Amino acid sequence: MKHFKTISEFHEFVNLPKPQHPLLSVVDVETVPHWNGGEPITMILDFYAISVKRMRNVKVKYGQHPFDFNEGIMSFMSPNQVFSIAVDNKDEEVEKSGWVIYMHPDFIWNTPVAKTINQYDFWDYSLSETLFLSAKEEATITNIVLAIQQEYYSTIDRFSKQIIVSQVESLLNYADRFYHRQFITREKANHQVLERLETRLHDYFNSDDLVERGLPTVQSIAEQLCLSPKYLSNLLRVLTGQNTQQHIHAKLLAKAKEKLLTTNLTVSEIAYELGFEHVQSFSKLFKTKTKLSPMEFRTSFN
């Protein structure tokens, strides 16, 4: 595994010219030399990577998930993420276009962006949850990159960093907006995710081994749906107004109400059957969501 702590080290490894700035690099993907090694290269970068790429005959893995770059997509990698890259067919020429911005965290140190950059959830999305840009959106993003590139190749002065950081902030804000659009416009695929979620939760809360398995977590549900936790929650919030945790709680409360009204089980027994270790935790959640304690809810129907 290759671990690159500086952008200069990474440039040297992939045979790119020395970056114009030690903490920032803007790379035209077409200029990246063709790698024709045998085994995939696994890498860790200590800096951010923001890219829009189209590549044919290249397979990339981000974590354990493969992704195909045949379409133009925008992707984000935060520092210390593991990814690997390999030529898919050595007999075919690799076709690639687009650009990548590499930015070390030290570049934005002591700027407003340093305080907000990790609030953008797409840093935690998997590569398969990348942003598919429309032509108009890609033009908007490209114009910002060109502005960054112009400053990158200009003589560094006391205004350079501030101008570039403000452009990076615009880039992140537009990406956030376009992701929100993607959640809305990919209606069929997104509603299929919602249907699969409802099925998973229904099966979970009606299973006989709920006591042993405990309550479902956002992480476990996301893994079953082959999505990252933050992507799933943001998608659901756009579709339904509720995140994944709220969906889990809604299904849990529905099952709890059913047991309170149709069985003679005690509140403690119901809490245990629903995967709670402590009845107090169950009662507190129930009252928070319904404004009634479990016993108050039961007696209100008697």
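Just above sits the structure.
Everything numeric here is computed off the predicted structure, so don't read it as measured data.

Draft legend 1. Focus on the overall build of the protein. When helices and strands are counted, the protein shows 12 helices and 10 strands. Looking at the 302 residues of the protein, the share that counts as buried comes to 44%. The contacts of the protein with a sequence gap of at least 6 include a subset with a gap of at least 24, amounting to 73%. Total accessible area on the protein is roughly 16,400 Å²; 49% of this is exposed by carbon and sulfur atoms.

Draft legend 2. Main features of the packing of aromatic side chains. Applying the stated criterion to the full structure yields 21 aromatic pairs. A ring pair is formed by Tyr 174 and Phe 178, whose centres lie 5.8 Å apart and whose planes are at 35 degrees; its orientation type is tilted. With Tyr 174 and Phe 178 both in helix 4 (residues 160–185) and 4 residues apart, the pair spans about one turn of that helix. Arranged with centres 6.0 Å apart and planes meeting at 55 degrees, the rings of Phe 282 and Phe 286 form a pair that is tilted. Within this pair, Phe 282 and its partner Phe 286 are both found in helix 11 (residues 279–290), separated by 4 residues, close to a single helical turn. Across this residue pair, the class does not change: Phe 282 and Phe 286 are buried. A connected cluster of aromatic rings, assembled from ring pairs, spans Tyr 48, Phe 76, Tyr 120, Phe 122, Trp 123, Tyr 125, Tyr 179, Phe 183 and Tyr 231.

Draft legend 3. How the structure looks around the packing of helix 3 (residues 135–152) against helix 4. Running from N to C, helix 3 and helix 4 point in directions that differ by 165 degrees, and their axes come no closer than 9 Å. In terms of orientation, helix 3 lies roughly antiparallel with respect to helix 4. Crossing hand, helix 3 versus helix 4: left-handed. The segment helix 3 lies against helix 4, with Glu 137, Thr 140, Ile 141, Ile 144, Val 145, Ala 147, Ile 148, Glu 151 and Tyr 152 engaging Ser 160, Ile 163, Ile 164, Gln 167, Val 168, Ser 170, Leu 171, Tyr 174, Phe 178 and Arg 181. For the contact of helix 3 with helix 4, a count of residues per class yields 12 nonpolar, 4 polar and 3 charged.

Draft legend 4. The arrangement of the pattern of salt bridges in detail. Scanning the entire structure with this criterion turns up 6 salt bridges. For the salt bridge of Lys 230 with Asp 121, the shortest nitrogen-to-oxygen distance reads 3.7 Å. Separated by 109 residues along the polypeptide, Lys 230 in helix 8 (residues 229–240) and Asp 121 in the loop between helix 2 (112–116) and strand 10 (131–132) bring together distant segments of the chain. Take Lys 230: its relative accessible area is 33%, and that puts it in the partly exposed class.

Draft legend 5. The environment of Val 26, seen in detail. On the secondary structure map, Val 26 appears in strand 2 (residues 24–28). As for Val 26 and Gln 149, which are separated by 123 residues in sequence, their C-alpha atoms are 6.3 Å apart. Ignoring any residue separated from it by four or fewer positions in sequence, one finds Val 26 in contact with Val 100, Ile 101, Val 145, Ile 148, Gln 149, Tyr 152 and Tyr 153.

Draft legend 6. Representation of unusual backbone geometry in the model. In the Ramachandran plot, Asn 80 falls in the positive-phi region, its phi being about 70 degrees despite a non-glycine side chain. Examined against the element boundaries, Asn 80 turns out to sit in the loop between strand 7 (73–77) and strand 8 (82–87).

Draft legend 7. Just helix 5 (residues 187–205), in detail. Taking 1.5 Å of rise per residue, 19 residues should cover 27 Å, and helix 5 covers 27 Å from first to last C-alpha, within 8% of that figure. Within helix 5, burial applies to Asn 190, Val 193, Leu 194, Leu 197, Leu 201, Tyr 204 and Phe 205. With its buried residues spanning 100 degrees around the axis, helix 5 presents them on a single face. Helix 5 presents Lys 188 and Glu 195 as exposed residues on the side facing more than 90 degrees away from its buried surface. On its buried face, helix 5 is in contact with helix 4, helix 6 (210–213), helix 7 (218–224), helix 8 and helix 9 (244–262).

Draft legend 8. Quick look at helix 3. Taking 1.5 Å per residue as the helical rise, helix 3 with its 18 residues ought to reach 26 Å, and the 25 Å between its terminal C-alpha atoms agrees with that figure. Those residues of helix 3 that fall on the buried side of the exposure criterion are Glu 137, Glu 138, Ile 141, Ile 144, Val 145, Ile 148, Glu 151 and Tyr 152. Looking down the long axis of helix 3, one finds its buried residues gathered within 145 degrees of arc, a one-sided arrangement. Among the exposed residues of helix 3, those oriented more than 90 degrees off its buried face are Ala 135, Lys 136, Asn 143 and Gln 150.

Draft legend 9. Structural context of the side chain of Ser 228. Summarising the element assignment, Ser 228 is placed in the loop between helix 7 and helix 8. If sequence neighbours within four positions are ignored, Ser 228 has contacts with Asp 124, Tyr 125, Ser 126, Glu 129 and Ala 222.

Draft legend 10. Layout of the pairing of strand 7. Here strand 7 lies mainly inside the structure; 5 of its 5 residues are buried. Of the two faces of strand 7, the one holding Ile 73, Ser 75 and Met 77 and the one holding Met 74 and Phe 76 are both buried throughout. Strand direction decides the pairing type here: strand 7 and strand 10, joined by 2 bridges, are antiparallel. Its bridge partner being in strand 10, Met 74 is matched across the sheet by Leu 131.

Rules behind the numbers
- Residues numbered from 1 in each chain as written.
- Predicted model: local features only at pLDDT ≥ 70, side-chain atom pairs only at ≥ 80, totals over all residues.
- Heavy atoms only, no water.
- Helix = DSSP H or I, 4+ residues; strand = E, 2+ residues; numbered from the N terminus.
- Buried < 20%, exposed > 50% of the residue type's maximum accessible area, 1.4 Å probe, protein only.
- Contact = heavy atoms within 4.5 Å.
- Areas by Shrake-Rupley, 256 points an atom, 1.4 Å probe, with all protein chains shown as cover.
- Phe/Tyr/Trp six-rings, centres within 6.5 Å; stacked < 30°, edge-to-face > 60°.
- Axes fitted to C-alpha atoms, helices over the stretch in contact; angles between N-to-C directions.
- Parallel < 35°, antiparallel > 145°, perpendicular 65-115°, else oblique.
- Left-handed = near helix turned anticlockwise from the far one by under 90°.
- Nonpolar A, V, L, I, M, F, W, Y, C, P; charged D, E, K, R; others polar.
- Salt bridge = Lys/Arg side-chain N within 4 Å of Asp/Glu carboxyl O.
- Expected span 1.5 Å × (residues − 1).
- Arc of directions from axis to C-beta.
- Pairing = 2+ DSSP bridges.

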